[in-house]
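Residue-level structural notes
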Amino acid sequence: MSHPRTPERPAHPCSGHDAPVTRRDLLSRFATGLGGVAMAALLQREAGAAGVPGEAADPPPHHAPKAKRAIQIFLQGGMSHVDTFDYKPELFKFHAKSVPGPQRPEGFMGRVGLLHRPHFPFRQRGKSGLWISDLFPHLAELADELTLIRSLWAGTGNHTPATYEANSGFRTLGFPSMGAWLSYGLGSEVDNLPAFVVLPDSRALPTGGANNWTSGFLPARRQGVVLNTSGPAIRDLQPASGAPAPVQAARYAALERLNRRHLAERGGDDALASRMRSYELAARMQLAVPEATDLNRESAATQALYGMDQPESKDFGRSCLLGRRLLERGVRFVQLWSGAAFGSDVHWDAHGSVPDNHRREAAKIDRPVAGLLKDLRQRGMLDDTLVIFNTEFGRTPFAESAGDQAGPGRDHNPDSFTVWLAGAGLKHGVSYGASDEVGWKAVENRVDVHDFHATLLHLLGINHERLTYYHNGIQRRLTNVHGSVIQDILS
């Protein structure tokens, strides 16, 4: 018995054979390279980069912003404040003695030694007279640009939750990072580069990896976009098929139509919509990224300013210079990481020896960060750019050693640490807050992470209580239900 033959579907003009073409086929064949499915959007886009608005229900600016953009240098591992930016002359007096007072400290690693004087000489710098140690000789020359906060404290002395807290305001997973909140609230000045870019340490990702730049419960497209800091900024940026441009364009246009139909059938699924937008952004990035990341366009003098002519600072200098190029091309927030995940000695976690650890890590970043500040200033960008230099916690004024010794290492100290800001809307060459006489605990004008985040948002024109997102029955925000702007550091 013969059966009626099923009519053949007409061949797709781009298929190259007569077999039926499904959405899965197109995805597998044509979505090579980051730009895949968005070429149609790229071809339809008018010349010139347009802005991408934020999505907040109460959109910023909520007041006149001082900063248009921000760049953050995050020191993974816990930089020692008492050896860098928080001078404590009493440590010389009490060196090799126990912590004064009735309270006995408890070390995170369980070893509480005697107090140890600063491992590096301190000097007063610039017209402001800020005390900064010799560990950062190039940054010390720019003391009059800095705004020190010497009274931060963290809610935990454990690296991973403390790093999450520093970046998202919470010590647990699932909460959006500050960069994601900025992307959500402010959007982007351009549509051919991400609003939020992450530049990891060239040696490895930080502890917690992508959880530190997650979008959490915000729309998925708000998470940070990671660029490589060694080798190509983005691998496989260009399609590998080698097909002629008209064929590629037809393929991408067909796949885009199938994607949009697929999205409509599923009622606006956020994951699919975000992936589609990421492909559209990626197509535009095919043109923008090669130019933005081509550091050879910079003069030898500029590269030397960032320390790219020195082997120890070359990698971080490259990241700082790339960060500046991204900022001036419209990226809203750039995050640079100094220090990587634990398990190898490539971070600021100086348990064994502060001199050995901090000298190595500071040599990598001192010249590049100073070069960044100088370059932003001479280009007229520092007045509307916020520069953030922070770490997850500080280190103890006492040694991590036997109880009768003052060894060279220091333990975690969440009770006091120092960070600094520079740039837009700040009083420069000043310090705010203070730790106790030996740098153990913050005692004057104490600042927690919510106060810190509230201040950063304020400088970018955002009222931290109004930038919210409804999630699981709660109007969530970066600062939870806390936070006060540090008015005394604002110009």
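Bear in mind that the values here come from a model prediction, so they are computed numbers and not experimental data.

**Here we look at the sheet that holds strand β6 (residues 225-226)**
In a beta sheet, neighbouring strands pair by backbone hydrogen bonds and run either parallel or antiparallel. Taken in spatial order, the 8 strands make up an open sheet running β6-β5-β7-β1-β8-β11-β4-β12, and their pairing is mixed. Unpaired on one side and paired on the other, β6 and β12 (430-432) mark the two borders of the sheet. As paired elements, strand β8 (residues 385-391) and strand β11 (residues 417-423) share 4 bridges and run antiparallel to each other. If you follow Phe389 over to β11, its bridge partner there is Trp420. Along the sheet, helix α12 (residues 449-459) contacts β4 (146-152), β8 and β11; its crossing angle with β8, the most-contacted strand, is approximately 165°.

**Let's talk about the pattern of salt bridges**
Pairing of side chains with opposite charge becomes possible as their charged atoms draw close. Within the structure shown, the criterion is met by 30 salt bridges. Arg203 is paired through a salt bridge with Glu361; the nearest N and O atoms lie 2.8 Å apart. Within this pair, whereas Arg203 is found in the loop between β5 (196-199) and β6, its partner Glu361 is found in helix α11 (residues 354-378), the two being separated by 158 residues in sequence. In this structure Arg203 comes out as partly exposed when scored by relative accessible area, which is 30%.

**Some details on the environment of Pro414**
Within the secondary structure, Pro414 is located in the loop between β10 (410-413) and β11. Given a relative accessible area of 16%, Pro414 falls into the buried group. Each C-alpha atom of the pair Pro414 and Asn158 lies 8.6 Å from the other, and the pair is 256 residues apart in sequence. Once you skip the residues sitting within four places of it in the chain, Pro414 turns out to touch Trp153, Ala154, Thr156, Gly157 and Phe393.

**Let's talk about the pairing of strand β3 (residues 130-133)**
One ladder, built from 4 bridges, connects strand β2 (residues 122-125) with β3; its direction is antiparallel. Bridging from a neighbouring strand, Arg123 pairs with Ile132 of β3. If you look at the hairpin formed by β2 and β3, you'll find 4 residues sitting between the two strands, and Gly126 has a positive phi there, around 60°.

**Re the nonpolar core**
Grouped together as the largest cluster of nonpolar side chains are 54 residues, with contacts concentrated most on Phe136, Val369, Leu373, Val387, Phe389 and Trp420. Element by element, the count of residues in this core is highest for α11, at 8 residues. Leaving out residues up to four positions away in the same chain, Leu373 has contacts with Leu139, Leu142, Leu146, Leu382, Val387, Trp420 and Ala422. Core analysis: the next-biggest nonpolar cluster, separate from the first, contains 45 residues, Leu421, Ala424, Tyr432 and Leu457 among them.

**Thoughts on the packing of helix α10 (residues 314-328) against α11**
One way to put it is that α10 packs onto α11 with a least axis distance of 8 Å and a crossing angle of 20°. By the angle between their directions, the pair α10 and α11 is classed as roughly parallel. Once α10 is placed against α11, the crossing between them reads as right-handed. Residue-level contacts link Phe316, Gly317, Cys320, Leu321 and Arg324 of α10 to Lys364, Ile365, Pro368, Val369, Leu372, Asp375 and Leu376 of α11.

**A few points about α11**
Here α11 is 25 residues long and its end C-alpha atoms lie 34 Å apart, about the 36 Å a rise of 1.5 Å per residue gives. The largest bend along α11 measures about 35° and falls at Ala362. The residue sitting at the N-terminus of α11 and contributing the capping side-chain oxygen is Ser353; that oxygen lies 3.2 Å from the backbone nitrogen of Asp356. Following α11 by one or two positions, Gly380 has its phi on the positive side, about 75°.

Reading the values: rules and limits
Every chain's residues receive numbers from 1 upward, in the order its sequence appears when written. Note on the predicted model: pLDDT of at least 70 is required for a residue's local features to be given, and 80 or more for side-chain atom pairs to be given and counted; whole-chain, interface and lining totals, by contrast, use all residues. Side-chain descriptors were evaluated using all non-hydrogen atoms of the structure, hydrogens and water having been removed beforehand. Criterion used throughout: strands pair if DSSP finds at least two bridges between them. The secondary structure listing takes helices from DSSP runs of H or I that are at least 4 residues long and strands from runs of E that are at least 2 residues long, numbered from the N terminus. Here, two residues are considered to be in contact whenever any of their heavy atoms come within 4.5 Å of each other. Convention adopted: a line fitted to C-alpha atoms gives each axis, helices being fitted over their contacting stretch, and angles between N-to-C directions are expressed from 0 to 180 degrees. By salt bridge we mean one thing: a side-chain nitrogen of Lys or Arg within 4 Å of a carboxyl oxygen of Asp or Glu. Partly exposed residues are those whose accessible area sits between 20% and 50% of the maximum for their type, while under 20% is buried and over 50% is exposed, using a 1.4 Å probe and protein chains only. Among buried residues, the Ala, Val, Leu, Ile, Met, Phe, Trp, Tyr and Cys ones that are joined through side-chain atoms within 4.5 Å form a nonpolar core. Roughly parallel here means an angle under 35 degrees, roughly antiparallel means over 145, roughly perpendicular means 65 to 115, and every remaining angle is called oblique. Helix crossings get a hand from a simple test, with the near helix turned counterclockwise from the far one by less than a right angle marking a left-handed crossing and a clockwise turn marking a right-handed one. Multiplying 1.5 Å by the residue count of a helix minus one yields the expected span of that helix. Throughout, bend refers to the angle between the axes fitted to the seven residues that end at a position and the seven residues that start at it. Two N or O atoms form a polar contact when they lie within 3.5 Å of each other; inside protein one atom must be a possible hydrogen donor and the other a possible acceptor, and for residues adjacent in sequence the pair counts only when both atoms belong to side chains.

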